[in-house]
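This is what each chain is made of:
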Number of protein chains: 2
Amino acid sequence: MRFVIIGGDAAGMSAASRAKRHNPDLEVVVLERGQDVSYSACNIPYNIADPDRVIEDLVVRSAATFINKLGIDLRTGHRVERIDRTARTVHGRTAEGTSFAVEYDQLLIATGARPIRPNIPGCDLDGVLAVKNLVDGRKIKTFLRDRQARRAVIIGMGYIALEMTEALTKRGLKVDLIKPRAGLLPWLDRELAEPVKEHLLVNGAGLYDGHAIERIIAVDDHLEVVADQLRLAADLVIVAIGVEPIASLARDAGLELSVGGSIAVDHGLRTSDPLIFAAGDCADSYHLVTGKKAWIPLALRANRAGWAVADNVCGGRVALPGIAGTAVFKVFDMQIARTGLTVHEAQGAGFDPVSVVIRSRSRAGIYPGAQPIHVAMVGDRTSGRLLGVQITGTDQVAHRINAAAVALLAKMTVTDFYQNDLAYAPPFGPTWDPLLTAANQLIKKL
Amino acid sequence: MRFVIIGGDAAGMSAASRAKRHNPDLEVVVLERGQDVSYSACNIPYNIADPDRVIEDLVVRSAATFINKLGIDLRTGHRVERIDRTARTVHGRTAEGTSFAVEYDQLLIATGARPIRPNIPGCDLDGVLAVKNLVDGRKIKTFLRDRQARRAVIIGMGYIALEMTEALTKRGLKVDLIKPRAGLLPWLDRELAEPVKEHLLVNGAGLYDGHAIERIIAVDDHLEVVADQLRLAADLVIVAIGVEPIASLARDAGLELSVGGSIAVDHGLRTSDPLIFAAGDCADSYHLVTGKKAWIPLALRANRAGWAVADNVCGGRVALPGIAGTAVFKVFDMQIARTGLTVHEAQGAGFDPVSVVIRSRSRAGIYPGAQPIHVAMVGDRTSGRLLGVQITGTDQVAHRINAAAVALLAKMTVTDFYQNDLAYAPPFGPTWDPLLTAANQLIKKL
């Protein structure tokens, strides 16, 4: 039996390795259009921040390991161009231009996502770069090293934009961020976004939201981002306005698509063709809170889905419950974490959301180093259910979100959540953890 | 109506304040035998560590605030000696020796716990001190200041002993710990205890477990702790072998007692006399995992129980589900966290426990500052339920335990727990959080 995988990153290589471990006799073929497999994309900004590290440090396992040690038929430089579902065959072309065809018994599409390229004149200029894969990372590192870049403009203010702000600032660049619509991290509660904004400004970033970008132009030895009533000079422009699923193979093969153009899969990661799976950033998932389809491309889901596909290819019956939309990132010392729904998302999903924002402290008030911590909590008036939590602060934020994430899988009410026996010691929080304080306040409003 | 409270610490003052807020007409009388009320006992070691802070910094609210602002009839220096349930009256004696009697409509016993004094000759010597209340803290600070103490011996190796090890080491003392039985933190999985032990040794502590202590003697200008085959010199001896509930008033009044001699209360904090509540370190609770009575005196429960008593005194019908036994503390940079049951406790409670210990990292492997983290996870073979988790490590341990604590309230299986959508970003953990890795390993054994 032959299991063919299109795409050799997190979901694809997780599936390949696990399938081969389950069943060494299974023929596992991975077709990767690029040269890099199994690298940590999430670490790219941190690698860029450090001039002493090479981008290849991000490779978790080499192609040779997959081929020689695990016995996976990994073919890099193989771009799949078409899936023939009737003949159960994928067709494509190698980097050298040779066409190929591979028959499959079961197929996994793990083509990932790509940065959205804005429709702005000048986006193709030298020095305008995205941040998605090792090729991008390599380009940016080379650019920083060879051009002695001193100023960067980042288009976008999402999490990759902010992680890159930290990385480039650490490399000594002055960083300006610009985006057409108003508001940093628009999904974040405004009270929670405020300290993030201040933290960025304190760390030297320029924030220019609400400026429509007209074009990027080359002026003398540098670039300029031209917006209404604003021109920002830069040696380097990073485009980080979001990603979109790479789903054209699936679409052209007539597979069902879903939210944001992602590939629709069931709880067992099967597409509308039962012989074809999809996993990772190209595929959708069920949201634990709404029960509906969602497209939230993140690394843990990609790895988990890859494993689940392998299990099911090998005869298992794994069904993943779905995602809570838990995410965390940091910019400088500020940590931003979320799980579940925002008020806006909750309204959209048909809930009757009620929310509170509380300000507490990361440690006991009299313990040295206690920092402000903000928690926004959303509950449903009708059912009392906890719907979502967001937290920002500079100390001990990241892991706090997981208590709420677990509560979402358990479908806890806010009242139940408030009864949780959370850990307390002065270096780690007040007696009532900020999460419990938020729940207590929210109960009063529900 | 008169609500009388015996004891003016966490549970007592929480109940007093909340009852008065609920019902300003309620007469609230607090009888506290000492002079200090509403202070943060958990912060005592950290206050001792800092010579520039006075112990009074730990007072959260002054007696004057309770009396003048909240209208609570707070009487310090009032020791209750007897509860007359028939006459609904408490009898006692003031610090000046005057006897008093106060009638109650409803009564709360919040007398707390006291350090166990070992039966060792010499425990009454000057310089042999416990760590429980502000009086103890004051004595230790004065001792450190006036005697230029250079060496301390701590009897015990529990969490207070370890917190005091850090505090006294920071004050420049050489600290030796001694206890009769073998093993540091005996409830902690041995693989997890090992890095804690190493961390203590690296930080200069001497560990002498398995040494029966014969006596403490005064020799010239210092003390000596004399054990079998060992004599440890000290300017200061801290006794920290555990605490016991102060329940003699309840016992003498014929109220039902419980685990460890604590006062038995139902989910509404009522003792066997429906007009008498008990809360805080003197009272028992239900364990969320076993459903049985447990006595685990910790601050969050004391505060929560105090509030629940106030709600019920004022006509509410609050029932607390119970405790997961979640606890965290640190010694130097090592964090130790637990929730739920150990294998031994699970066996005792009638489960068929299976456990794993995994070693992972606190951050993505290639992210700077990643530190080893150990997770022990216990599940029940029969039901598949998650029963308990322990974590040790020097980076980002404390809040990780709360994800497991929430799962215990939700009575999740290990298989369900593994499906949790936990946060991931390189600065905060590997893609698969150590908790998920442990769950994955445990599923294979269940």
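Quick caveat, the model's predicted, so the values are computed rather than measured. (Residues numbered from 1 in each chain as written. Chains lettered and ligands numbered in written order. Predicted model: local features only at pLDDT ≥ 70, side-chain atom pairs only at ≥ 80, totals over all residues. Heavy atoms only, no water.)

Asker: Would you take a moment to explain the sheet that holds strand β13 (residues 213-219) of chain A for this structure?
Answerer: Backbone-to-backbone hydrogen bonds join strands into a sheet, with any given pair of strands oriented parallel or antiparallel. All names here are of chain A. If you walk across this open sheet you meet the three strands as β13-β14-β15, and the pairing is antiparallel. One side of each edge strand has no neighbouring strand; the edge strands of this open sheet are β13 and β15 (230-234). Each strand axis lies, on average, 20° off the axis of its neighbour in the sheet, ignoring direction. Relative to strand β14 (residues 222-227), β13 runs antiparallel, the two being bridged by six bridges. Each residue of the ladder has a partner; that of I217, found in β14, is E224. (Pairing = 2+ DSSP bridges. Helix = DSSP H or I, 4+ residues; strand = E, 2+ residues; numbered from the N terminus. Axes fitted to C-alpha atoms, helices over the stretch in contact; angles between N-to-C directions.)

Asker: Quick question: what am I supposed to make of the relation of the copies chain B and chain A here?
Answerer: Between the two copies of this chain, the relationship is a rotation about some axis together with a displacement along it. Under the fitted operation, chain B is carried onto chain A by 0.0 Å of movement along the axis and a turn of 180°, and the coordinates agree to an RMSD of 0.0 Å. The transformation relating the two chain copies, once decomposed into turn and shift, fits a two-fold axis. Ranked by how close their C-alpha atoms come to the rotation axis, the residues of chain B are headed by A403 of chain B, at 2.1 Å. A share of 100% of the interface residues of chain B reappears at the interface of chain A, consistent with the copies meeting face to face through the same patch. (Least-squares fit on C-alpha atoms with pLDDT ≥ 70 in both. Contact = heavy atoms within 4.5 Å.)

Asker: Teacher, can you tell me more about the packing of helix α1 (residues 10-22) of chain B against helix α8 (residues 299-313) of chain B here?
Answerer: All names here are of chain B. Two elements in contact, α1 and α8, have axes whose closest approach is 7 Å; the angle formed by their N-to-C orientations is 35°. The way α1 lies across α8 gives a crossing that is right-handed. For the pair formed by α1 and α8, the contact residues are A10, A11, S14, A15, R18, A19 and H22 on the first element and A302, N303, G306, W307, A310 and D311 on the second. Residues belonging to the contact of α1 with α8 are distributed by class as follows: seven nonpolar, four polar and two charged. (Left-handed = near helix turned anticlockwise from the far one by under 90°. Nonpolar A, V, L, I, M, F, W, Y, C, P; charged D, E, K, R; others polar.)

Asker: Is there a simple way to explain the domain arrangement of chain A in this structure?
Answerer: Interface size is often expressed as the accessible area that is lost when the parts come together. All names here are of chain A. As assigned here, chain A comprises domain 1 (2-41 + 60-113 + 243-313), domain 2 (117-239) and domain 3 (327-445). On a C-alpha basis, the centroid separation for the pair domain 1 and domain 3 is 35 Å. If you look at the interface, domain 1 gives six residues, while domain 3 gives ten residues. Both sides of the domain 1 and domain 3 interface together cover about 620 Å² of buried area, and 68% of this is carbon and sulfur. Sorting the residues of domain 1 by area buried against domain 3 places L288, V289 and T290 first, and these three jointly supply 73% of that buried surface. Where domain 1 meets domain 3, there are zero salt bridges. Taken together, the links from domain 1 to domain 3 amount to three residue pairs in polar contact (both at pLDDT 80 or more). Its residues assigned to classes, the side of domain 1 that touches domain 3 comprises three nonpolar, two polar and one charged. (Domains from an automatic or database assignment. Buried area = accessible area lost by both parts, 1.4 Å probe. Salt bridge = Lys/Arg side-chain N within 4 Å of Asp/Glu carboxyl O. Polar contact = N/O pair within 3.5 Å; in protein donor to acceptor, adjacent residues only side chain to side chain.)

Asker: Quick question: what am I supposed to make of the pattern of salt bridges here?
Answerer: Pairing of side chains with opposite charge becomes possible as their charged atoms draw close. Tallying each qualifying case throughout the model produces 48 salt bridges over all chains. Between D176 of chain B and K174 of chain B there is a salt bridge, with its nearest N and O atoms 2.9 Å apart. Salt bridges sharing common partners tie together D36, E56 and R138 of chain A.

Asker: What exactly am I supposed to notice about the packing of aromatic side chains here?
Answerer: Two descriptors summarise a pair of aromatic rings, namely the distance from one centre to the other and the angle between the planes of the rings. Applying the stated criterion across every chain yields a total of eight aromatic pairs over all chains. Arranged with centres 5.0 Å apart and planes meeting at 25°, the rings of W432 of chain A and W307 of chain B form a pair that is stacked. Highlighted residues: W432 of chain A in the loop between α11 (414-418) and α12 (434-445) and W307 of chain B in helix α8, drawn from two different chains. An angle of 40° between the planes, with centres 5.9 Å apart, marks the rings of Y159 of chain B and F329 of chain B as tilted. (Phe/Tyr/Trp six-rings, centres within 6.5 Å; stacked < 30°, edge-to-face > 60°.)

Asker: What is the right way to read the packing of helix α10 (residues 400-409) of chain A against helix α10 (residues 400-409) of chain B from this model?
Answerer: A pair of packed helices is characterised by two quantities: the angle between their axes and the separation of those axes. Axis separation between α10 of chain A and α10 of chain B bottoms out at 7 Å; the angle between their running directions is 25°. Taken together, the axis directions place α10 of chain A and α10 of chain B in an arrangement best described as roughly parallel. Handedness of the α10 of chain A/α10 of chain B crossing: right-handed. On α10 of chain B, the residues touching N402, A403, V406 and A407 of chain A of α10 of chain A are N402, A403, V406 and A407 of chain B. (Parallel < 35°, antiparallel > 145°, perpendicular 65-115°, else oblique.)

Asker: Would you explain the side chain of H222 of chain B in this entry?
Answerer: Residues and elements named next belong to chain B. Topologically, H222 is positioned in strand β14 (residues 222-227). You can call H222 buried: its relative accessible area is 14%. In terms of polar contacts, H222 uses its side chain to reach the side chain of D221, at 3.3 Å. (Buried < 20%, exposed > 50% of the residue type's maximum accessible area, 1.4 Å probe, protein only.)

Asker: Any chance you could explain the interface of chain B and chain A here in plain terms?
Answerer: Counting residues at the interface gives 58 residues for chain B, matched by 58 residues for chain A. Both sides together, the interface formed by chain B and chain A hides about 5,200 Å², and carbon and sulfur atoms give 64% of it. There are zero salt bridges connecting chain B and chain A. The tally of links between chain B and chain A comes to 20 residue pairs in polar contact (both at pLDDT 80 or more). Those elements that provide at least two residues to the side of chain B that touches chain A are α8, β21 (327-331), α10, α11 (414-418) and α12 (434-445) of chain B. With eight residues, the top contributor of residues to the side of chain B that touches chain A is α10 of chain B. For the side of chain B that touches chain A, the class distribution of residues is 37 nonpolar, 13 polar and eight charged.

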